[in-house]
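Chain residues, written in single-letter form:
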Amino acid sequence: MPHVNIKHFPAPLNDEQASELVSAITEAVTRAFGCAEGVVSIALEPVEQQAWQDQVYAPEIVERNHLLRKTPSY
């Protein structure tokens, strides 16, 4: 605990960029939850733009809007 899953359009992140992103998220999560770095897991999940509506927007943003802490502007 905790697990963070970031769904995003496919992006050409190199190893350094991915590492920086994971490090920043890990730091924020450990600070917010007061947990050790070793218990945090992070997934980067590319989702094709044409699949976004069905795989992400409808099931995770619309249907689970009560869990959102930041809403998209689209």
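To start, this report covers the structure provided alongside it. What you are looking at is a predicted structure, and each value in this text was computed from that prediction instead of being measured.

Cut-offs and rules
Residues numbered from 1 in each chain as written. Predicted model: local features only at pLDDT ≥ 70, side-chain atom pairs only at ≥ 80, totals over all residues. Heavy atoms only, no water. Helix = DSSP H or I, 4+ residues; strand = E, 2+ residues; numbered from the N terminus. Buried < 20%, exposed > 50% of the residue type's maximum accessible area, 1.4 Å probe, protein only. Pairing = 2+ DSSP bridges. Patch = residues over 30% accessible without salt bridge, like charges linked within 9 Å, V, L, I, M, F, W, Y side chains within 5 Å. Areas by Shrake-Rupley, 256 points an atom, 1.4 Å probe, with all protein chains shown as cover. Salt bridge = Lys/Arg side-chain N within 4 Å of Asp/Glu carboxyl O. Arc of directions from axis to C-beta. Contact = heavy atoms within 4.5 Å.

Looking at the environment of Ser19
Inspection of the secondary structure puts Ser19 in helix α1 (residues 15-33). What makes Ser19 partly exposed here is its relative accessible area of 46%. Taking the C-alpha atoms as reference points, Ser19 and Met1, 18 residues apart in sequence, are found 20 Å from one another.

Here we look at the pairing of strand β2 (residues 41-46)
With six bridges joining them, strand β1 (residues 3-8) and β2 adopt parallel strand pairing. Across the sheet, the residue bridging to His3 is Ser41, located in β2.

Some thoughts on a nonpolar patch on the surface
Among the surface-exposed residues, Leu13, Leu21 and Leu44 lie close enough to one another that they form a single nonpolar patch of about 210 Å² accessible area. As for its position among the elements, Leu44 is in strand β2. Take Leu44: its relative accessible area is 32%, and that puts it in the partly exposed class.

A few points about helix α2 (residues 52-62)
Listing the buried residues of α2 in full gives Trp52, Val56 and Ile61. For α2, the buried positions fall inside an angular range of 55° around the axis, keeping them on one side. Looking at the buried residues of α2, the elements they touch are β1.

Looking at the pattern of salt bridges
Tallied over the full model, the rule gives two salt bridges. One salt bridge connects Glu60 with Lys7, and the closest N-O pair in it is separated by 2.4 Å. In this pair, Glu60 is assigned in helix α2 and Lys7 in strand β1, connecting sequence segments 53 residues apart. Classification of Glu60 by relative accessible area gives partly exposed; the value is 30%. Note that Arg31 is salt-bridged to Glu27, the shortest N-O span being 3.3 Å. With Arg31 and Glu27 both in helix α1 and four residues apart, the pair spans about one turn of that helix. Judged by relative accessible area, which is 59%, Arg31 ranks as exposed.

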